[in-house]
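Here are the chains, one letter per residue:
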Amino acid sequence: MPSPVNSHKTPAGPQPQNPAELIVDGAVVANDWHLLQLLGEDEPLPTVAALPAGKLILPVSLWLLLRQELLSRQQEIGVWLDSDESAELIGDHGAELPLIAIHFCSFADGRGFTSASILRQRYGYQGELRATGRFMQDQLTYLRRCGFNAFAFEGGAPLDSLLDSLQDFSESYQAASDQPLPVFRRRPLC
């Protein structure tokens, strides 16, 4: 697993928000996770003892530095990747995490789709995979197909109005995280 290049990483764009509600597995639920922002250049690195109690989503660079010390809090520590960070930073250690969030700094940045697919397909990640940041309602179906099952939407639309967008298409031709077989393998020959 690669080591963090810089524990005080410069954000790729605006930092992710942590809304009070989100969509998880097709339902609107309360968000019981606290997301920690990236540290500024002049901020000291926190110790494990200084981290707040409860469920935390840490920047991947901080998690990599504190990972061994955080193993006792394994079920309440999640990680978030910025759009310019690779899923390989987490790699096989994703099995230790109940939640991985992938931040989209722009709806036009597709790297988060790739990261989700890599985590689900290459590393077999089974936990909550949360899209956060600036993605659009029109992208929800495609985010789900890549393996996301949770969505921290930053737009102004009520979350209930977004649920139908998770099912914009009834069939997909290609194989993906949500359907491992292409359509020609799922349908009988004539």
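This report concerns the structure included in the present document. Just so it is clear, the structure is predicted and the values come from calculations on it, not from any experiment.

Each value, and the rule that gives it
- Residues numbered from 1 in each chain as written.
- Predicted model: local features only at pLDDT ≥ 70, side-chain atom pairs only at ≥ 80, totals over all residues.
- Heavy atoms only, no water.
- Phe/Tyr/Trp six-rings, centres within 6.5 Å; stacked < 30°, edge-to-face > 60°.
- Helix = DSSP H or I, 4+ residues; strand = E, 2+ residues; numbered from the N terminus.
- Buried < 20%, exposed > 50% of the residue type's maximum accessible area, 1.4 Å probe, protein only.
- Expected span 1.5 Å × (residues − 1).
- Contact = heavy atoms within 4.5 Å.
- Pairing = 2+ DSSP bridges.
- Axes fitted to C-alpha atoms, helices over the stretch in contact; angles between N-to-C directions.

Here the focus is the packing of aromatic side chains. A complete count under the given rule lists 4 aromatic pairs for this structure. Considering the side-chain rings of phenylalanine 135 and phenylalanine 151, the 6.4 Å spacing of their centres and the 65° angle between planes classify their relative orientation as edge-to-face. Within this pair, whereas phenylalanine 135 is found in the loop between β7 (128–133) and α3 (140–146), its partner phenylalanine 151 is found in strand β8 (residues 150–153), the two being separated by 16 residues in sequence. In terms of burial, phenylalanine 135 and phenylalanine 151 fall into one category: buried. Taken together, the ring pairs in this structure connect Phe104, Phe135, Phe148, Phe151 and Phe153 into an aromatic cluster.

Helix length check: helix α2 (residues 111–122), at 12 residues, gives a terminal C-alpha distance of 16 Å against a target of 16 Å (1.5 Å per residue), a fit within 8%. Those residues of α2 hidden inside the fold are in contact with β6 (99–104), β7 and α3. Positive backbone phi, approximately 65°, marks glycine 124, located one or two places after α2.

Bringing the sheet that holds strand β4 (residues 56–59) into the picture now. Remark on secondary structure: sheet strands pair via backbone hydrogen bonds, oriented parallel or antiparallel. Across the sheet, which stays open at both edges, the 8 strands sit in the order β2-β1-β8-β7-β6-β5-β4-β3 with mixed pairing between neighbours. Strands at the two margins of the open sheet, each flanked by one partner only, are β2 (27–30) and β3 (34–35). The sheet contact formed by strand β1 (residues 21–24) and β8 spans 2 bridges and is antiparallel. Bridging from a neighbouring strand, valine 24 pairs with alanine 150 of β8. Of the strands in this sheet, β4 and β5 (77–81) touch helix α1 (residues 60–70), which is tilted by about 120° from β4. Taken strand by strand, α2 contacts β6 and β7, and its axis lies near 160° from that of β6.

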